[in-house]
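Summary of the model geometry
Each chain, written out:
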Amino acid sequence: MRKILQLPKRIVRFYVDGFKSMTIGKKLWAIIIIKLIVIFGVLKLFFFPDMLKSHYDTDAQRAEAVRTALTAPRQ
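Note that the structure is predicted; figures quoted are calculated from it, not measured.

What follows deals with the pattern of salt bridges. A complete count under the given rule lists 2 salt bridges for this structure. A salt bridge links R62 to D59; the nearest nitrogen and oxygen atoms lie 2.5 Å apart. With a gap of 3 residues between them, R62 and D59 both fall in helix α4 (residues 59-71), about one helical turn apart. The class of R62 is buried, set by a relative accessible area of 16%. Under the relative-accessibility criterion, D59 is labelled exposed at 59%.

The structure is reproduced here in structure tokens:
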């Protein structure tokens, strides 16, 4: 039982020690994080506008539009 409880602790320590000893890896992780911020932050603002907010005034109207779109039969 004690060995099972120590497993998550050992896994976390493995990754923390591995990250501390990285040299080039830290720079690569920084690049990855910056790319993710750009992809999910900036691109979302410019290329994926909030269509429901621009077409409907209240949350109730937005909810009804989504409910209708999900339950309406396809043509």
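Once you've had a look at it, read on.
Turning next to the environment of L7. Considering the arrangement of structural elements, one finds L7 in helix α1 (residues 2-20). On the basis of relative accessibility, which here comes to 44%, the residue L7 falls in the partly exposed class. With 57 residues separating them in the primary sequence, L7 and E64 have C-alpha atoms 48 Å apart.

Attention now moves to the environment of M51. Mapped onto the secondary structure, M51 falls in helix α3 (residues 51-55). What makes M51 partly exposed here is its relative accessible area of 47%.

Thresholds applied
Residues numbered from 1 in each chain as written. Predicted model: local features only at pLDDT ≥ 70, side-chain atom pairs only at ≥ 80, totals over all residues. Heavy atoms only, no water. Salt bridge = Lys/Arg side-chain N within 4 Å of Asp/Glu carboxyl O. Helix = DSSP H or I, 4+ residues; strand = E, 2+ residues; numbered from the N terminus. Buried < 20%, exposed > 50% of the residue type's maximum accessible area, 1.4 Å probe, protein only.

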